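# Chains, contacts and geometry: an overview
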Amino acid sequence: EMGMTSLPEPTRDLRPLLRGGAKLFGEQQRKLKPVVEAEWMDNEDANTTIVGKDGSRIGSRIGGTLRIVLKEGMKRHIRRACRELLGMHVVTLKRMRIGNIRLDIPEGKWRPLREEEAKALFFSASKGR
């Protein structure tokens, strides 16, 4: 059995996510669907050079805040795609909205759906059948 032996070199190039078609390790039957949108939300200062005590360059860290819009998907797919295609480890993942429903309420709290949100949600669910 073969497995991943190392991660790819970290990159901020989002084309593999936008293009789709890649196969994640262990899922040779299913191709990754392209994301609707992907963009870096910060500037290039997210790239940091790591220096030693003597001032010599030890390495670099590439990172930042990435915004991804999916048509469908699961948290673990985002984590795996970032790890396997971009060579980056996801530290925090936050769902901002589902369809047109913004998830801007405090954790552990709830609110009833507004009428237009419920209609949009049920309409989009019935279209998928």
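An account of the accompanying structure is given in this report. On a predicted model such as this, the values are computed, not experimentally measured, just so you know. (Residues numbered from 1 in each chain as written. Predicted model: local features only at pLDDT ≥ 70, side-chain atom pairs only at ≥ 80, totals over all residues. Heavy atoms only, no water.)

Broken down by element type, the protein chain carries three helices and six strands. Seen in sequence order, the protein chain has helices and strands lined up from the N terminus as α-β-β-β-β-α-β-β-α. Taking all 129 residues of the protein chain together, 23% fall into the buried category. Here the contacts in the protein chain between residues at least 6 apart in sequence split such that 48% fall between residues at least 24 apart. For the protein chain, the exposed area adds up to about 10500 Å²; of that, 53% sits on carbon and sulfur atoms. (Helix = DSSP H or I, 4+ residues; strand = E, 2+ residues; numbered from the N terminus. Buried < 20%, exposed > 50% of the residue type's maximum accessible area, 1.4 Å probe, protein only. Contact = heavy atoms within 4.5 Å. Areas by Shrake-Rupley, 256 points an atom, 1.4 Å probe, with all protein chains shown as cover.)

What follows covers the packing of aromatic side chains. Taken as a whole and judged by the stated rule, the model has zero aromatic pairs. When the ring centre of Trp40 is taken as reference, the NZ or CZ atom of Arg12 above it lies at 4.1 Å. (Phe/Tyr/Trp six-rings, centres within 6.5 Å; stacked < 30°, edge-to-face > 60°. Lys NZ or Arg CZ within 6 Å of the ring centre and 35° of its normal.)

Throughout the structure, instances matching the rule amount to eight salt bridges. When the shortest N-O distance is used, the salt bridge between Arg15 and Asp13 registers 2.8 Å. The shortest N-O distance in the salt bridge between Glu115 and Lys119 comes to 3.2 Å. Of this pair, Glu115 and Lys119 both sit in helix H3 (residues 115-127), four residues apart, which is roughly one turn of the helix. (Salt bridge = Lys/Arg side-chain N within 4 Å of Asp/Glu carboxyl O.)

On to the nonpolar core. Leu14, Leu17, Leu32, Ala81, Cys82, Leu85 and Leu86 are the most contacted members of the largest nonpolar core, which totals 14 residues. Of all the secondary structure elements, the ones that give two or more residues to this core are strand S1 (37-40) and helix H2 (75-86). Among the elements that line this core, the one with the most residues is H2, at five residues. Ignoring sequence-local partners within four residues, the contact set of Leu85 consists of Pro8, Thr11, Pro16, Leu17, Ala22, Leu32 and Arg80. (Core = buried A, V, L, I, M, F, W, Y, C linked by side-chain atoms within 4.5 Å.)

What follows deals with the environment of Pro8. As for its position among the elements, Pro8 is in the segment before helix H1 (15-19). According to the relative accessible area criterion, Pro8 is partly exposed, its value standing at 31%. As a C-alpha pair, Pro8 and Leu86 span 78 residues in sequence and 7.0 Å in three-dimensional space. In contact with Pro8, other than residues within four places in its own chain, are Arg83, Glu84, Leu85 and Gly87.

This brings us to a nonpolar patch on the surface. A surface patch of nonpolar side chains, about 290 Å² in accessible area, is lined by Ile98, Leu103, Leu113 and Leu121. Within the fold, Leu121 resides in helix H3. For Leu121, a relative accessible area of 31% corresponds to the partly exposed category. (Patch = residues over 30% accessible without salt bridge, like charges linked within 9 Å, V, L, I, M, F, W, Y side chains within 5 Å.)

By themselves, these figures tell us nothing about what the structure is for.
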